[in-house]
Amino acid sequence: PTPSDVLKKYGIDPNNKIVLGVSYVWGTSKGLDYFLQLPSALGKEYQIVMVGLSEKQLESLPEGIVGIIRTFDQKELAQLYSAASVFFNPTLCDNYPTVNIESLCCGTPVVCFSKTGGGPEIVGENGIVLDKRDLESVCEAIRKGCTSTVDVAAVHEKYKKSRYVKDYLSLLQHLTAD
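Throughout what follows, the structure given in this document is the object of discussion. (Residues numbered from 1 in each chain as written. Predicted model: local features only at pLDDT ≥ 70, side-chain atom pairs only at ≥ 80, totals over all residues. Heavy atoms only, no water.)

### So, the overall build of the chain
Helix and strand content of the chain: 9 helices and 6 strands. Taken over C-alpha atoms, the radius of gyration comes to 17 Å for the chain, in line with the 16 Å a tight globule of 178 residues would show. Considered along the principal axes of its C-alpha atoms, the chain spans approximately 60 × 35 × 30 Å. Here the chain holds 178 residues, and the buried ones make up 45% of them. (Helix = DSSP H or I, 4+ residues; strand = E, 2+ residues; numbered from the N terminus. Rg over C-alpha atoms; globule rule 2.2 N^0.38 Å. Buried < 20%, exposed > 50% of the residue type's maximum accessible area, 1.4 Å probe, protein only.)

### Points about the side chain of Asn100
When you line up the elements, Asn100 lands in helix α5 (residues 98-105). With a relative accessible area of 0%, Asn100 lands in the buried category. A polar contact of 2.9 Å, which involves the side chain of Asn100, links it to the side chain of Asn89. For Asn100, the contacting residues outside a window of four places in its chain are Phe87, Asn89, Val110, Cys112, Gly119, Ile122 and Val123. (Polar contact = N/O pair within 3.5 Å; in protein donor to acceptor, adjacent residues only side chain to side chain. Contact = heavy atoms within 4.5 Å.)

### Topic: the sheet that holds strand β4 (residues 86-89)
The strand order across the open sheet formed by 6 strands is β3-β2-β1-β4-β5-β6, and the pairing between neighbours is parallel. Every other strand in the sheet has two partners, leaving β3 (65-69) and β6 (127-130) as the edge strands with one partner each. Averaged over all pairs of adjacent strands, the angle between strand axes in this sheet comes to 20 degrees, irrespective of strand direction. Here strand β2 (residues 46-53) pairs with β3 via 5 bridges, running parallel. The residue of β3 that forms the bridge with Ile48 is Ile65. Relative to the sheet, helix α7 (residues 135-145) contacts β1 (17-22), β2, β4, β5 (110-113) and β6, its axis offset from that of β6 by approximately 170 degrees. (Pairing = 2+ DSSP bridges. Axes fitted to C-alpha atoms, helices over the stretch in contact; angles between N-to-C directions.)

### Some details on the packing of helix α8 (residues 152-159) against helix α9 (residues 161-176)
When two helices pack together, their arrangement is given by the angle between the helix axes and by the axis-to-axis distance. In contact at an axis separation of 5 Å, α8 and α9 are set at 35 degrees when each is read in the N-to-C sense. Contacts from Glu157, Lys158 and Tyr159 of α8 reach α9 at Lys161, Arg163 and Tyr164.

### Examining the environment of Glu102
In this fold, Glu102 is placed in helix α5. Given the relative accessible area of 34%, Glu102 is considered partly exposed. For the pair Glu102 and Phe87, spaced 15 residues apart in sequence, the C-alpha to C-alpha distance is 9.9 Å. A distance of 2.6 Å separates polar atoms of two side chains, one belonging to Glu102 and the other to Tyr81.

### Regarding the packing of aromatic side chains
Counting across every chain of the model gives 6 aromatic pairs. A cation sits over an aromatic face here: Arg70 above Tyr24, 4.7 Å from the ring centre. (Phe/Tyr/Trp six-rings, centres within 6.5 Å; stacked < 30°, edge-to-face > 60°. Lys NZ or Arg CZ within 6 Å of the ring centre and 35° of its normal.)

### Section: the nonpolar core
Counting 27 residues, the largest nonpolar core has Leu20, Val22, Val49, Val51, Tyr81 and Phe87 as its most contacted members. Excluding residues within four positions of it along the chain, Val51 makes contact with Leu20, Gly21, Val22, Ser23, Trp26, Ile68, Ile69, Thr71, Leu77 and Leu80. Within the second largest apolar cluster, 24 residues are counted, among which are Tyr34, Leu61, Ile65 and Leu130. (Core = buried A, V, L, I, M, F, W, Y, C linked by side-chain atoms within 4.5 Å.)

Okay, here's the thing in C-alpha cells:
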C-alpha cells in the first residue's frame, strides 16, 4: 500500500467509493463495455477511474468516469491501486493478469470474472470471482468488494520474487533429472 494524495491530483472526491480499472489497452476483450455502464448503474457515491485509455477514448468517456492516459509510472499506479476501494478487472481473456496481483499487493480487493484465464487463481480469497457477467452481478460484486479486505502480507509472501525463483529452479531440476 502506498498512501498519497493522488486522488486530489485527478479531482476525485476521496469520500466516494473508488472503482479502479487498469489496462495497457482498453477494448472489448478487456471489458471496456462493462466500465462504460458502471456510472449510471452504481450511482454517484461511486467514482469510476480507468487507467490506460487512449486520447480518443478519453474524449468519448461518459460522465462519471475519470480517465487517465496510459502510464508507466509504477509509483503513481501503486498510489491509485492503494486509493481505490475495489479493483475491477472485467477481462474476458487473460492468461496471467498481473494487474490483479498489483492491486492485491496494494491492499485493494479484486472483482473479476471466472473462466477468463489466471484471474480467479490470483484473486483467491482476496476478492470476488463472478460466474455471471451481467451488469447487476457486477454491481453487486463491486459493492461487496468495497467492504472487503486483503491480507497484504499473505499476498506479498505468495508473489515474492525469491519464491518463484526457487519454484522455477526446482521445476528445472525435476525436468532435467536423469
